[in-house]
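# Survey of secondary and tertiary structure
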Amino acid sequence: PEDTLHGPIFTQEPYDITYSMGSADPEILLNCTAKGYPLPYYRWKQNGTDIDLTMSYHYRLVGGSLAINNPHKKQDIGTYQCLATNSFGTILSRKAKLQFAYLEKFETKTRSTVSVREGQGVVLLCGPPSHYGDLSYAWIFNNNPLYVQEDSRRFVSQETGNLYIAKVEPSDVGNYTCIVTNTKAEQRVQGPPTPLLLRNDGNDILGKTLVDSQGWRMRL
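Parameters and conventions
Residues numbered from 1 in each chain as written. Predicted model: local features only at pLDDT ≥ 70, side-chain atom pairs only at ≥ 80, totals over all residues. Heavy atoms only, no water. Pairing = 2+ DSSP bridges. Helix = DSSP H or I, 4+ residues; strand = E, 2+ residues; numbered from the N terminus. Axes fitted to C-alpha atoms, helices over the stretch in contact; angles between N-to-C directions. Domains from an automatic or database assignment. Contact = heavy atoms within 4.5 Å. Buried area = accessible area lost by both parts, 1.4 Å probe. Salt bridge = Lys/Arg side-chain N within 4 Å of Asp/Glu carboxyl O. Polar contact = N/O pair within 3.5 Å; in protein donor to acceptor, adjacent residues only side chain to side chain.

Naming follows an unreviewed UniProt entry, where the chain appears as Contactin 6 of Crocodylus porosus.

See the structure below:
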């Protein structure tokens with residue numbers, strides 16, 4: 001029977017949450033519900049320290065769940081636990097991590113020109129900015145609104161964001177811009193352009209060749 005005296009038992013515990021810095025929702029809800037008789041009351045810990053629920057508009061209890069209003073990355077990131085207590089004792093929930101998905105902007109400094117001989121392969125580095133959350137990558141050529149299409153000569157690594165071009169042709173000369181998207185953070189940023197030029201001198205001493213692990217050759 002529900003009115004039988006017993007200690008608190010969790011029916012719902014908090015789970016890991018990644019909150020989008022670009023979210024239109026101004027509140028995070030960490031779930032916690034327990035049954036018990038007498039009815040339990042709730043407390044929360046952040047990184048092992050008790051949260052003072054009576055002194056801050058930033059937090060409020062919804063039943064036993066913790067609502068965080070206008071979350072801030074520096075203040076609210078961390079590990080949370082729910083405590084449910086009645087006269088028979090206290091139980092502690094599993095740990096739930098609160099992370100913040102974000103994507104910062106690229107540095108605005110000008111990127112160096114990459115020179116390559118016609119017919120050789122080249123790697124254009126994306127160098128994504130600081131972030132949390134999975135990224136996807138695309139490239140723009142000469143401010144064309146359409147992304148560079150992958151084919152037998154062009155490949156965009158979704159691990160690093162780098163653009164690989166094999167057997168460079170004169171039509172490949174121009175400015176290449178890396179576009180980085182963080183879907184979870186609902187953010188997209190555009191890097192500074194990287195100019196690609198053909199090297200037309202005949203002296204190998206003037207340039208060094210970089211060969212990466214996949215056998216691509218990059219002229220520096």
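That covers the picture; the talk isn't over yet.
With that out of the way, let us pick up the sheet that holds strand β3 (residues 27–30). Strand order in the open sheet made by the 3 strands is β3-β8-β7, with antiparallel pairing throughout. Unpaired on one side and paired on the other, β3 and β7 (59–62) mark the two borders of the sheet. In this sheet, neighbouring strand axes are inclined to one another by 25° on average, regardless of whether the strands run parallel or antiparallel. As defined by bridge partners, β3 adjoins strand β8 (residues 65–69) across 4 bridges and the pair is classed as antiparallel. Bridging from a neighbouring strand, Glu-27 pairs with Asn-69 of β8.

What follows deals with the domain arrangement of the chain. Parsing the chain into structural domains produces domain 1 (6–102) and domain 2 (104–198). Taking only C-alpha atoms into account, the centre of domain 1 sits 42 Å from that of domain 2. Of the residues lining the interface, 8 residues belong to domain 1; the matching set on domain 2 comes to 9 residues. Contact between domain 1 and domain 2 buries roughly 760 Å² in total, counting both sides, with carbon and sulfur atoms accounting for 55%. On the surface where domain 1 and domain 2 come into contact, there are 0 salt bridges. Between domain 1 and domain 2 we count 5 residue pairs in polar contact (both at pLDDT 80 or more) in total.

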